Amino acid sequence: MPQITLLSQDTIDKIAAGEVIERPCSVVKELVENAIDAGATAITVEIKEGGISFIRITDNGCGIEHSQVPIAFLRHSTSKIKKVEDLLCVKSLGFRGEALSSIAAISRVELITKTDSELTGTRYLIEGSKEVANEEVGAPDGTTFLVKDLFYNTPARRKFLKTPKTEGNYISDMLERLALSHPDISFKYINNNQTKLHTSGNGNVKDLIYHIYGRDITAALLPVSYKGEFFHLTGFIGKPIVTRGNRNYENYFINGRYIKSSLIAKSIEEAYKNFMMLHQYPFCVLYFEFPGELLDVNVHPTKMELRFGHNQEVYKELYETLFSVLSGREMIPQVPVDE
Ligand code: ADP
Ligand code: MG
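Residues numbered from 1 in each chain as written. Chains lettered and ligands numbered in written order. Predicted model: local features only at pLDDT ≥ 70, side-chain atom pairs only at ≥ 80, totals over all residues.

A few points about the environment of L263
Here L263 lies in helix 9 (residues 262–272). In this structure the C-alpha to C-alpha distance between L263 and F308, which are 45 residues apart in sequence, comes to 9.4 Å. The residues contacting L263, other than those within four sequence positions of it, are F308, N311, V314 and Y315. (Helix = DSSP H or I, 4+ residues; strand = E, 2+ residues; numbered from the N terminus. Contact = placed C-beta atoms within 7 Å.)

Dropping the structure here:
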């Protein structure tokens, strides 16, 4: 008979970490989201070798108090919710308390952090879930995470990584989306000592689109502004002349969160259907605000999917909104009618 035994904590941690941290880009996403939740107005992301050997993320947010630092690295420890009902009104990007423990389980982490009420900061080292150092140091207010040697102790995972160039591209894409998701935060992204992105954080979405996508797309934007029963929507959609060959240019954010939703993608594409050639996809940067009770964000550990309370209505409202923007006077020249 096969023996049934409980897995060791180390094995449990590594398996659980795999759900949240799939590749270097997941580390960047989780740590940048933490910086956003910490109220940062400036976030710097530095990577080397596609993030496999080196990811450093610095923010000017609230910092973590010395006594709280080891707790932050425990699985399911969070300052963002206390009970499951809080999920209905969660405003933060994080809430599962899994990122730091997951990252620490499969890499070497150095954290330097200081809150504005402390005189000195904390330097904390943790490798493969084991605390290596915990000391006081001089530090500016805010937080820096340095994550080195991702998956050094999970060779199977490491093997599935793509080349540093490809992993770096995933991170670049993710950062562009994170920057678009929060136009009021200044993002700086440095890949192998080269600055690849530096946004102003002035809150202007059009400036940001220009910075990331360039002149052609910026010259062909239609503004969207809609307040409906189920959601509020602002942002820009591209005129049908700036279509693209894949869905990568469809950006939509829900309550500040970058997500993937086949419902939203289908509704957008349906609105464009008669304006575009087959197998072309639109450009858009859309910001949705949903009331918390109509949204379930707790669908998957990566929080990239969510559920809507009213699928049909959301689909229809979005379709009609975009269709009316697309069929406005800008698109179809109106023939003046004599009375
Ligand atoms: P979650 O984001 O779901 O709460 P994490 O494991 O990502 O879980 O982080 C655990 C806790 O550590 C957070 O709830 C927060 O209190 C703290 N924390 C993490 N990163 C930062 C940061 N950059 N600045 C301030 N606090 C942070
Ligand atoms: Mg988090």
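Observations concerning the nonpolar core
Ranked by internal contacts, the top residues of the largest apolar core, which has 74 residues, are V28, V32 and I103. Broken down by element, this core gets its largest block of residues, seven residues, from helix 2 (residues 24–37). Each of domain 1 (9–198) and domain 2 (214–326) contributes no fewer than three residues to this core. Setting aside residues no more than four positions away along its own chain, I103 makes contact with I21, V27, E30, V109 and V147. (Core = buried A, V, L, I, M, F, W, Y, C linked by C-beta atoms within 7 Å. Buried ≥ 20, exposed ≤ 12 C-beta atoms within 10 Å, placed from the backbone. Domains from an automatic or database assignment.)

Quick look at the domain arrangement of the chain
In terms of domain boundaries, the chain breaks down into domain 1 (9–198) and domain 2 (214–326). Once you take the C-alpha centre of each, domain 1 and domain 2 turn out to be 28 Å apart. Contact residues are listed per partner, giving 15 residues for domain 1 and 12 residues for domain 2. Mapped onto the side of domain 1 that touches domain 2, the elements with two or more residues apiece are helix 1 (9–20) and helix 6 (164–181). Partitioned by chemical class, the residues of the side of domain 1 that touches domain 2 number eight nonpolar, three polar and four charged. (Nonpolar A, V, L, I, M, F, W, Y, C, P; charged D, E, K, R; others polar.)

A closer look at the sheet that holds strand 7 (residues 186–191)
Sheet architecture is open: eight strands sit in the order 5-4-3-6-2-1-7-8, paired in mixed fashion. In this open sheet, the two edge strands, each paired with only one partner strand, are strand 5 (130–137) and strand 8 (194–198). Averaged over neighbouring strand pairs, the angle between their axes works out to 10 degrees when direction is ignored. Bridge analysis of strand 2 (residues 54–59) against strand 6 (residues 142–148) gives six bridges, and the strand direction is antiparallel. Its bridge partner being in strand 6, R56 is matched across the sheet by L146. Of the strands in this sheet, strand 1 (42–48), strand 2 and strand 6 are in contact with helix 2, which crosses strand 2 at around 10 degrees. Relative to strand 7, helix 6 is tilted by about 170 degrees, and along the sheet it contacts strand 1, strand 7 and strand 8. (Pairing = 2+ DSSP bridges. Axes fitted to C-alpha atoms, helices over the stretch in contact; angles between N-to-C directions.)

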